[in-house]
Amino acid sequence: IHEEAETFQNVAHIELLYAMYTANFDYVSELRKDIEKGLEKYADKMVSARKIIIHYNFFVVLFMQEDFAAAQIYLDKILQFSRKEVRKDIVRGTFLLEIIIRIENQIPVQQLLDNVPRILRRSKLWDEDTKEIIRHFKRYIDSPVFERQAALKPFVEWLHQNKQAHDSTPAIGEIRIWAKS
């Protein structure tokens, strides 16, 4: 069964990436059901890093489709890994995208904005890019609703200033797309 689990995780990962890169979101929906069954069947035999990547990729697809309720399900699964030493970079990106999901779902976000820096510092995931992103999120939230688009302009400019350096931060592409929309 170990070989079956290995085959499943590799094939699931490759199929999901292919569907994402070809923007075949209908196929992603089909894959989601099959992959969820496989994740359940082989959960104990799979490498944690691969499980979190699969969850993250589903999260990103749903986030990009603006299906924030479904994305929240995968976000919660990813954050279960936050106490482990597995793909901390993805955990950091997920915390940042959770802020956006709460903003989009009009869920109070101030407590999360206050807690994320503490959590990331403790996990040794706090860096200057993350600090700047949180600063811009706070500026956005603190702005009157009718001024929020204008409040994002400096954020979008910052995201485009040294684009290559920022691109090493997971979720930065999704954050960039959200800020520009």
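From a predicted model like this one, the values you see are computed outputs, not experimental measurements.

Draft legend 1. Structural detail: the nonpolar core. If you look at the biggest cluster of nonpolar residues, it comprises 61 residues, and the most contacted ones within it are Ile35, Phe59, Ile99, Phe137, Phe155, Ile175 and Trp178. With 10 residues, helix α3 (residues 48–64) is the largest single contributor of residues to this core. Not counting chain neighbours up to four residues away, the residues in contact with phenylalanine 155 comprise Ile133, His136, Phe137, Ile175, Trp178 and Ala179.

Draft legend 2. Structural view of the packing of helix α1 (residues 2–21) against helix α2 (residues 25–42). Where α1 contacts α2, the axes come no closer than 10 Å and their chain directions differ by 160°. For the element pair α1 / α2, the angle class is roughly antiparallel. Considering the relative orientation of α1 and α2, their crossing is left-handed. Seen from α1, the contacting residues are Glu4, Ala5, Phe8, Ala12, Glu15, Leu16, Ala19 and Met20; seen from α2, they are Tyr27, Val28, Leu31, Asp34, Ile35, Gly38, Leu39, Lys41 and Tyr42. Looking at the contact of α1 with α2, its residues break down into 12 nonpolar, 1 polar and 4 charged.

Draft legend 3. Representation of the layout of surface pockets in the model. In this structure, the largest pocket occupies an estimated 290 Å³ of space. Together, 17 residues line the largest pocket, and Met20, Tyr21, Asn57, Val60 and Glu174 are the ones closest to its centre. When residues of the lining of the largest pocket are traced back to their parent elements, those giving at least two are α1, α3 and α5 (88–104). Element by element, the count of residues in the lining of the largest pocket is highest for α3, at 6 residues. Broken down by class, the residue content of the lining of the largest pocket amounts to 12 nonpolar, 2 polar and 3 charged.

Rules of the game
One numbering rule holds for all chains: residues counted from 1, following each sequence as written. It should be noted that, the model being predicted, local features are given only for residues of pLDDT at least 70 and side-chain atom pairs only at 80 or more, the latter also being counted only at that level, while totals for whole chains, interfaces and linings use all residues. Side-chain figures throughout are based on the complete set of non-hydrogen atoms in the structure, without hydrogens or water. Grouping buried Ala, Val, Leu, Ile, Met, Phe, Trp, Tyr and Cys residues that are joined through side-chain atoms within 4.5 Å yields what is termed a nonpolar core. Each residue gets one of three labels from its accessible area relative to the maximum for its type: buried under 20%, exposed over 50%, partly exposed in between, using a 1.4 Å probe on protein chains only. Helix and strand definitions here come from DSSP, where helices need a minimum of 4 consecutive H or I residues and strands a minimum of 2 consecutive E residues; each element is numbered from the N-terminal end. Whether two residues touch is decided by their heavy atoms; if any such pair falls within 4.5 Å, the residues are in contact. Axes here mean lines fitted to C-alpha atoms, for a helix over just the part in contact, with angles spanning 0 to 180 degrees between N-to-C directions. Convention used here: angles under 35 degrees read as roughly parallel, angles over 145 as roughly antiparallel, angles from 65 to 115 as roughly perpendicular, and any remaining angle as oblique. Helix crossings fall into two classes, left-handed where the near helix is turned counterclockwise from the far one by less than a right angle and right-handed where it is turned clockwise. Think of it as three bins: nonpolar holds Ala, Val, Leu, Ile, Met, Phe, Trp, Tyr, Cys and Pro, charged holds Asp, Glu, Lys and Arg, and polar takes everything else, Gly as well. Here the term cavity refers to a set of points on a 1 Å grid, laid over the protein atoms alone, in which a 1.4 Å probe fits but cannot get out; the term pocket refers to an open set having protein on both sides within 12 Å along at least five of seven lines, with lining residues being those that place an atom within 4 Å of a point. Grid points are joined across faces, edges and corners, and a volume is the space filled by probe spheres set on the points.

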